[in-house]
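Chain residues, written in single-letter form:
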Amino acid sequence: SSSSSSSSSRGHRVARRQQPGAGAASAVDEYVFDFGGQRGKSLSEVIRSEPKYVEWLIDERVYENRDNLRRALEAHSLLGGHSSASVDPSHLANPLPPAGEYTFTFGKYQGKSLTAVMASEDGKSFVEFLIERRAYEKGKFPGLREALEDHGLLGVQAKQHRTEAPSFAPKPKAPVRAAVEDISADIFKLPRGLLLHRVYSCETSWKGNHYEPRGWRRGRWTYVANVAGGTKLLACNLDGSADGPPRPGCEEIQETDLSSEQYANLVSTLLDVEAEESKRWERPPSATLKHMHWNIELRPRFNFRGLVAGEAEPYMSVTMVHELVPPENLNLGALQASEEVADALVGVKVYPVRTEKGDPGQIYQICPREPDQVLQLTEAKREQMLAINMTERSRRSWRDAPLGALIVSVAKHCNREGGFRLDYLASDLRPSLSSINQQKLQQVPALEWTTIAMGIKKDTSMPSKRQSLVAEELERLRAKLGWQHSLQRVSRGTPSSITFGHLSKPTAVFGGGHRGVPTGTAVYGHLQRSGPFRIAATSTRRIGRLRGLLLGEASSTEMRRAGEILAEVRAELRTFGVEFAPALGDDEAMSWDSIGLDSLAGALDAADLGPEDAVLLFGARSLGSMAEAIRNRIKHECLLRGSTDEPRHLANQWVDFANDGVWKTQQSSRYSIQNVCIGMLSKLGHT
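Residues numbered from 1 in each chain as written. Predicted model: local features only at pLDDT ≥ 70, side-chain atom pairs only at ≥ 80, totals over all residues. Heavy atoms only, no water.

Structural notes on the overall build of the protein chain
When helices and strands are tallied, the protein chain shows 19 helices and 23 strands. Taken over 687 residues, the protein chain has a buried fraction of 45%. Summed over its atoms, the accessible surface of the protein chain is roughly 34300 Å², and 49% of this surface lies on carbon and sulfur atoms. (Helix = DSSP H or I, 4+ residues; strand = E, 2+ residues; numbered from the N terminus. Buried < 20%, exposed > 50% of the residue type's maximum accessible area, 1.4 Å probe, protein only. Areas by Shrake-Rupley, 256 points an atom, 1.4 Å probe, with all protein chains shown as cover.)

Pasting the structure below:
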């Protein structure tokens, strides 16, 4: 029988299969884990004590590279596809549904058909979630894949037994209701008078991007760029401790000198900086997730952005995401102090451990080794570090660490010339649990990272919970900054208030007028079956050239991959009817080493690219912290290359080689290349 939810289904599966099938070898009980958190325990013992861990081993197919483990799981009847003779069908957690309409056997839609679920917006979101998580691939929900295919929601060919094409008619939509009836969004009206202390306008030579407000703290001053023009910085002393300007040449300005847009951007950026600089981890976590023997905390992180609405009135939107915070015992201390390991750790994001001053909440990246850097702990290095003023917790680590322990150098921005670096014992560093960081950790020798955290899922708060957390954070920041005015959330019940409503999700139209849900891999499936939408049935998308431009000092591997990706994208686009003008050298990406923002227009000139062309922009790993500014600037330059005769510009897509886990191989980049092609098709829609 089916369980009442997907989580309980996972929890029961091992329990139902844990009895070995007939003829199971007695040697099964002798299998002992030689990796991960269950090292030294037998499989039978782990099945009894940690069934979810065994579930995870099977779901992530950890056994594929471990023959002894695979045979042991087969003998326990836990791999139905490998030992079907000894598997009792009644042990299956999800028996096959009856023929006909697919009926959900899990989750909040248990007992409802796929057609009924797709009839509501919430149901569509649920199905989109299943598709994005590829739940249909894991064999836990028999019949789900076929049902999704029948509804035209997966990027696969129709089954052979189909007698007619699937219908892409839009399903009836249920009215959208706000989670809290009176609240329309996490948007707040900003009253005037929040700038309690002096504000100065200063000339700047700042080289970051000039397209969105950016702020940072330096001493007593908070600086905000891109609010008062590209050559101006606004400097604010938020605690009133400064009597004059931060430096000569700065001019005091009044709040009334700022437009509504400038005021909204300045206030929201000040909150961004204050939230980042303050010890935001001192608040209790939203939730704690148990994963194996680690307690992973979910910590909220907020972002504030100014906007203008109505009669040019200042507002602010607040967004919140959760970050997974690793505990102290999930650290890098078990790694050997070798050059191979140290080089593999370069670029990994880490958090320092908690000290008596609290959890620092700062994230650093591990930097490349310098020529004179000490890799292993020696008595001389220990004495050098103990002579430095540090917290008692750090002092205890350096005093008690064994000789030969791994030492790494970290910084907020490793590539910044003259930047400040810190030496840390690897045992005092906790790795970030972001997906990109975990992909990097999988490349570290002797680190069994796939046995640690790949199964962790982020919690998503309900709207009411999110609104409560946002309100608490705003109140905390308001009190810290001394603001007397409260920030009023926009609501339908407030007279003369601007209402920010919800837009219903659109239905995408493809070739031949076919319609489908524009989400996840389903989009590419619709494109493969029906082709892209065309205004005229005989129209063909024609562009001049498709070139590749590799920005930054690139390695030979990056040069090779850029050429391979360029060829794959060109071949995919041709299957959708996009034609290119052939040109010598277009099969190889052109390299542009200069990363000065003002030089990027020259890169497009050197590649001889105009509004009738398209370009794949590859960002080399060497760009480091400059990658975002370079991406924004080069895309802006592509927009400037427009045509005065036709509404078109240089179409482009960005590929970030810093994301090794995605772009390293052809296999790992399969879905990302599909996304690049979808993006390029949408940008070529006006051709």
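With respect to the sheet that holds strand β10 (residues 349-352)
Here five strands make up an open sheet; going across it, the order is β13-β12-β11-β10-β14 and the pairing antiparallel. Every interior strand has two partners, whereas the edge strands, β13 (422-425) and β14 (429-431), have only one. Neighbour-to-neighbour, the strand axes of the sheet open up by a mean angle of 45°, direction not taken into account. As judged from the three bridges shared by β10 and β14, these two strands associate in the antiparallel manner. (Pairing = 2+ DSSP bridges. Axes fitted to C-alpha atoms, helices over the stretch in contact; angles between N-to-C directions.)

Some remarks on the state of the cysteines
With the rule as written, the count across this model stands at two disulfides. Covalent S-S linkage joins Cys202 and Cys250, the inter-sulfur distance amounting to 2.1 Å. Note on the Cys202 and Cys250 pair: the S-S dihedral is about 120°, so by sign convention the disulfide is right-handed. Of this pair, Cys202 sits in strand β2 (residues 199-203) while Cys250 sits in the loop between β5 (232-236) and β6 (251-253); the two residues are 48 residues apart in sequence, bridging distant segments of the chain. The exposure class assigned to Cys202 is buried, which follows from its relative accessible area of 0%. Between the sulfur atoms of Cys367 and its disulfide mate Cys414 the distance is 2.0 Å. The sign of the -80° torsion about the S-S bond sets the Cys367-Cys414 disulfide as left-handed. In this pair, Cys367 sits in the loop between β11 (364-366) and α10 (379-386) while Cys414 sits in the loop between β12 (407-411) and β13, placing the two residues 47 residues apart along the sequence. Exposure remark for Cys414: the relative accessible area of 9% places this residue in the buried category. The connectivity of the disulfides in the protein chain is 1-2, 3-4, where the numbers refer to bonded cysteines in sequence order. (Disulfide = S-S within 2.5 Å.)

Details of the nonpolar core
Ranked by size, the top nonpolar core spans 32 residues in total, and within it Leu546, Ile565, Val569, Leu573, Leu616 and Phe618 carry the most contacts. Those elements giving two or more residues to this core turn out to be α14 (522-530), β19 (546-551), α15 (556-575), β20 (578-580), β22 (614-619), β23 (651-656), α18 (660-663) and α19 (670-683). Not counting residues up to four positions away in its chain, the partners in contact with Phe618 are Gly548, Leu549, Leu550, Leu551, Ala562, Ile565, Leu566, Ala589, Val655 and Phe657. Counting residues in hydrophobic clusters, the runner-up holds 30 residues, among them Phe304, Val318, Leu477 and Leu481. (Core = buried A, V, L, I, M, F, W, Y, C linked by side-chain atoms within 4.5 Å. Contact = heavy atoms within 4.5 Å.)

A look at unusual backbone geometry
You will see that Asn226, though not glycine, has its phi angle at about 65°, which is positive. Here Asn226 shows up in the loop between β4 (221-225) and β5. One non-glycine residue, Asp608, adopts positive backbone phi at about 60°. Here Asp608 is to be found in the loop between α16 (600-606) and β22. A relative accessible area of 55% means that Asp608 is categorised as exposed.

Structural notes on α15
Note: α-helices contain 3.6 residues per turn, so residues at a spacing of three or four share the same orientation. The terminal C-alpha atoms of α15 lie 29 Å apart, and with 20 residues this matches the ideal 28 Å at 1.5 Å per residue to within 8%. Following α15 by one or two positions, Gly577 has its phi on the positive side, about 90°. (Expected span 1.5 Å × (residues − 1).)

Overview of the sheet that holds β5
Strand order in the open sheet formed by five strands is β3-β4-β5-β2-β6, and the pairing between neighbours is antiparallel. Each having just a single partner strand, β3 (214-218) and β6 make up the two edges of the open sheet. Averaged over all pairs of adjacent strands, the angle between their axes in this sheet comes to 30°, without regard to strand direction. Relative to β6, β2 runs antiparallel, the two sharing three bridges. Bridge pairing in β6 links Ser201 to Glu251.

Some thoughts on the pattern of salt bridges
As enumerated under the stated definition, the model contains 24 salt bridges in all. Notably, a salt bridge pairs Arg198 with Glu252, separated by 3.8 Å at the nearest N-O pair. Here the residue Arg198 occupies a position in the loop between β1 (183-189) and β2, and Glu252 occupies one in strand β6, the gap between them amounting to 54 residues. Using a relative accessible area of 40% as the deciding quantity, one classes Glu252 as partly exposed. Between Arg214 and Glu628 there is a salt bridge, with the nearest N and O atoms lying 2.7 Å from each other. (Salt bridge = Lys/Arg side-chain N within 4 Å of Asp/Glu carboxyl O.)

So, the packing of aromatic side chains
Scanning the entire structure with this criterion turns up six aromatic pairs. An angle of 20° between the planes, with centres 6.2 Å apart, marks the rings of Trp216 and Tyr223 as stacked. Residue Tyr223 is classed as buried on the basis of its relative accessible area, which comes to 6%. Judged by centre distance (5.5 Å) and plane angle (20°), the rings of Phe618 and Phe657 are stacked. Of the two residues, Phe618 sits in strand β22 while Phe657 sits in the loop between β23 and α18, which places them 39 residues apart along the sequence. When its relative accessible area of 0% is taken as the criterion, Phe618 is described as buried. (Phe/Tyr/Trp six-rings, centres within 6.5 Å; stacked < 30°, edge-to-face > 60°.)

Considerations on the environment of Leu549
Within the secondary structure layout, Leu549 lies in strand β19. Here Leu549 falls in the buried class, since its relative accessible area comes to 0%. For the pair formed by Leu549 and Val615, sequence separation is 66 residues and the distance between their alpha carbons is 7.0 Å. Leu549 has contacts with Ala589, Met590, Trp592, Ala603, Leu604, Val615, Leu616, Leu617 and Phe618, leaving out every residue within four places of it along the chain.

Here we look at the packing of α15 against α19
For the pair α15 and α19, interaxial distance at closest approach is 10 Å and the crossing angle is 55°. Considered as vectors, α15 and α19 are oriented oblique to each other. Every pair of crossing elements has a handedness; the one defined by α15 and α19 is right-handed. Note on element contacts: α19 touches α15 through Ile673, Val676, Cys677, Met680 and Leu681, opposite Ile565, Glu568, Val569, Glu572 and Leu573. Tallied by class, residues from the contact of α15 with α19 come to eight nonpolar, no polar and two charged. (Parallel < 35°, antiparallel > 145°, perpendicular 65-115°, else oblique. Left-handed = near helix turned anticlockwise from the far one by under 90°. Nonpolar A, V, L, I, M, F, W, Y, C, P; charged D, E, K, R; others polar.)

Observations regarding the pairing of β12
Judged by how many residues are buried, β12 sits mostly within the fold: five of five residues are covered. Sheet analysis places β11 next to β12, joined by two bridges and oriented antiparallel. Of the residues in β12, the one forming a bridge with Gln365 is Ala411. In terms of strand pairing, β12 meets β13 through four bridges, oriented antiparallel. Bridging from a neighbouring strand, Val408 pairs with Tyr424 of β13.

Regarding the confidence of the model for the protein chain
Summarising the model, the protein chain shows a mean pLDDT of 76, and 75% of its residues fall at 70 or more. When the criterion is pLDDT under 50, residues 1-29 qualifies, and its contacts beyond four places in sequence or with other chains add up to 58 contacts. Note that residues 81-100 has pLDDT below 50 and, in this model, 29 contacts with residues that lie over four places away or in other chains. (pLDDT = per-residue confidence, 0-100.)

With respect to the packing of α10 against helix α11 (residues 392-400)
Think of two packed helices as two axes; the pair is described by the angle between the axes and how far apart they sit. Interaxial distance between α10 and α11 falls to 9 Å at its minimum, and their mutual angle equals 165°. Judged by the angle between their axes, α10 and α11 are roughly antiparallel. Regarding α10 and α11, the two cross each other, and that crossing is left-handed. Across the interface between the two elements, Lys381, Arg382, Met385 and Leu386 from α10 touch Arg395, Trp398, Arg399 and Asp400 from α11.

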